[in-house]
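Fold and contact review
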Amino acid sequence: MKRLMVKGLVALVAAASMSMAFAADKELKLALQNPKGHPLEMGATKFAELVDSKTKGALKVKVFAGGALGGDAQNVSALQGGTLDIVVLNSGILASQVKEFAVYDFPFMFNNSEEADKIVDGDFGKALHAKLEEKGIVGLAYWELGFRDMTNSKHPITKVDDIKGLKLRVIPNAINVDWVSALGANPTPMPFPEVYAALEQKAIDGQENPVTVIAANKFYEVQKYLALTHHQYNPQSVIVSKKTWDGLTPEQQTAVREAATEAATYERGVAREKSTAALEEVKKAGMEITELPAEEIAKMRETLKPVIAKHAELVGKETVDKLSSELDALRKK
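Residues numbered from 1 in each chain as written. Predicted model: local features only at pLDDT ≥ 70, side-chain atom pairs only at ≥ 80, totals over all residues. Heavy atoms only, no water.

**Description of the packing of aromatic side chains**
For the structure on display, the rule yields eight aromatic pairs. One aromatic cluster in this structure is built from Phe101, Tyr104, Phe124 and Tyr142. The ring of tyrosine 266 carries the charged tip of lysine 46 above its face, separated from the ring centre by 5.0 Å. (Phe/Tyr/Trp six-rings, centres within 6.5 Å; stacked < 30°, edge-to-face > 60°. Lys NZ or Arg CZ within 6 Å of the ring centre and 35° of its normal.)

**Some thoughts on the pattern of salt bridges**
According to the stated counting rule, one finds 22 salt bridges in the structure shown. The salt bridge partner of aspartate 161 is lysine 299, with a shortest N-O separation of 3.7 Å. Here aspartate 161, found in the loop between β4 (137-152) and β5 (167-170), pairs with lysine 299, found in helix α11 (residues 294-315); they are 138 residues apart in sequence, far enough to count as distant. Taken together, the salt bridges that share partners define one network made up of Asp117, Asp121, Glu144, Arg268 and Arg272. (Salt bridge = Lys/Arg side-chain N within 4 Å of Asp/Glu carboxyl O. Helix = DSSP H or I, 4+ residues; strand = E, 2+ residues; numbered from the N terminus.)

**Observations regarding the confidence of the model for the protein chain**
Of all residues in the protein chain, 93% have pLDDT values of 70 or greater, and the mean over the chain is 92. The low-confidence segment residues 9-24, where pLDDT is below 50, has two contacts with residues more than four positions distant or belonging to other chains. (pLDDT = per-residue confidence, 0-100. Contact = heavy atoms within 4.5 Å.)

**Some details on the environment of glutamine 74**
Along the polypeptide, glutamine 74 turns up in helix α3 (residues 72-81). Overall, the relative accessible area of 52% leaves glutamine 74 in the exposed class. With 30 residues separating them along the chain, glutamine 74 and tyrosine 104 place their C-alpha atoms 21 Å apart. (Buried < 20%, exposed > 50% of the residue type's maximum accessible area, 1.4 Å probe, protein only.)

**A word on the environment of phenylalanine 192**
Along the chain, the position of phenylalanine 192 falls in the loop between β6 (186-189) and α7 (195-200). It is 30 Å that separates the C-alpha atoms of phenylalanine 192 and serine 324, two residues lying 132 residues apart in sequence. Apart from residues lying up to four places away in sequence, phenylalanine 192 is in contact with Gln33, Asn34, Arg169, Asn209, Val213, Asn217 and Phe219.

**So, the layout of surface pockets**
Taken as a whole, the largest pocket encloses approximately 410 Å³ of empty space. If you trace the largest pocket, you find 30 residues lining it, with Asp72, Ala73, Ile93, Ile171 and Pro172 closest to the centre. When contributions to the lining of the largest pocket are tallied by element, the ones reaching two or more residues are α3, β3 (86-90) and β4. The leading source of residues in the lining of the largest pocket is α3, at six residues. (1 Å grid on protein atoms, 1.4 Å probe; cavity = no way out; pocket = protein on both sides within 12 Å on 5 of 7 lines; lining within 4 Å. Points joined across faces, edges and corners; volume = space filled by probe spheres on them.)

**Some thoughts on the environment of asparagine 173**
With respect to the helices, strands and loops of the structure, asparagine 173 is situated in the loop between β5 and α6 (174-182). With relative accessibility at 16%, the residue asparagine 173 sits in the buried group. Considered as a pair, asparagine 173 and alanine 309 are 136 residues apart in the sequence and their alpha carbons are 16 Å apart. In this structure, asparagine 173 is in contact with Gly92, Ile93 and Asp105, ignoring residues within four places of it in sequence. Here the side chain of asparagine 173 touches asparagine 176 through a polar contact of 2.6 Å, side chain to side chain. (Polar contact = N/O pair within 3.5 Å; in protein donor to acceptor, adjacent residues only side chain to side chain.)

**Here's the deal with helix α12 (residues 317-332)**
In a regular helix each residue adds 1.5 Å, so 16 residues correspond to 22 Å; α12 covers 22 Å between its end C-alpha atoms and thus fits that length. Those residues of α12 lying buried are Thr319, Val320, Leu323, Leu327 and Leu330. All buried residues of α12 project into a common sector of 95° when viewed along the axis, lining one side. Of the residues in α12, the exposed ones pointing more than 90 degrees away from the buried face are Lys317, Glu318 and Lys332. Where α12 is buried, its residues touch α4 (113-121), α5 (123-130) and α11. (Expected span 1.5 Å × (residues − 1). Arc of directions from axis to C-beta.)

**Concerning the packing of α4 against α12**
For any two helices packed against each other, one specifies the crossing angle of their axes together with the interaxial distance. With their axes 11 Å apart at the nearest point, α4 and α12 run at an angle of 130° to one another. Classified by the interaxial angle, the pair formed by α4 and α12 is oblique. Two packed elements cross with a definite hand, and for α4 against α12 that hand is right-handed. Across the interface between the two elements, Glu115, Lys118 and Ile119 from α4 touch Leu323, Glu326, Leu327, Leu330 and Arg331 from α12. Counted by class, the contact of α4 with α12 contains four nonpolar, no polar and four charged residues. (Axes fitted to C-alpha atoms, helices over the stretch in contact; angles between N-to-C directions. Parallel < 35°, antiparallel > 145°, perpendicular 65-115°, else oblique. Left-handed = near helix turned anticlockwise from the far one by under 90°. Nonpolar A, V, L, I, M, F, W, Y, C, P; charged D, E, K, R; others polar.)

Okay, here's the thing in structure tokens:
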């Protein structure tokens, strides 16, 4: 009788520990706008592999690419509500939550990717991510989308005046609307998943994005001209719902943060390699590529100075000064 009771007890303990093991297996949903094969999607896949390996399978990350779970604004809202776990998006979009993030959308802020890496990975980038906590968001790391260029279906852009009158899709936030207006074009804010159809239906003339995005989303099918303006650099924030985060053990939190940082190194490497290949791809697909001469880029920078001054005031002098002084220090090295 005793033996039977012991056996029964052992079976119960085994069943309980099995159910605990299953309970510990969590699937986290990750959303991003870019499609399969884009560096950001590849970064997300790498991140999922790292999380799986670092937590020994206790956490799984399921990647929803290509805007499958809606646009960025929708995703941030779902993240705050706890129905979505992780989002990878343009850091500037977070200005709707914390105004200081708009600084990442300032035109011609960074001269090169290495400079950007040092700023976002250093104290400046970390301090901005820390401000998200009170909004129910935890910032994990920065990945990259890259330097943005301009496409349209009307004519080649070889000088600043060629931008005038073009109806251009912009990321839905104030600074992007303002800088496009300052160049004499007509800004059309629009969630990313809607862009291809709008270009195809000629509801807009063009858009601006890094070459990797243009290639991955096959914009060359509906756009003829590409101007390599490199007018804006986009870091990407990897953010997690605070509700999800608080439900993880300290060990799991460390594993997820480490995975996001390691995936950043991988994703940036892929993005920079793919940038050259993407340029070849769009050229082969028939896009006509132009570069603005130095004096035209200088003219563009000059035209956009009042926009930067206006938004510097809105973002806050302290943040802008901190970024400027960190950049100055880097450039003097």
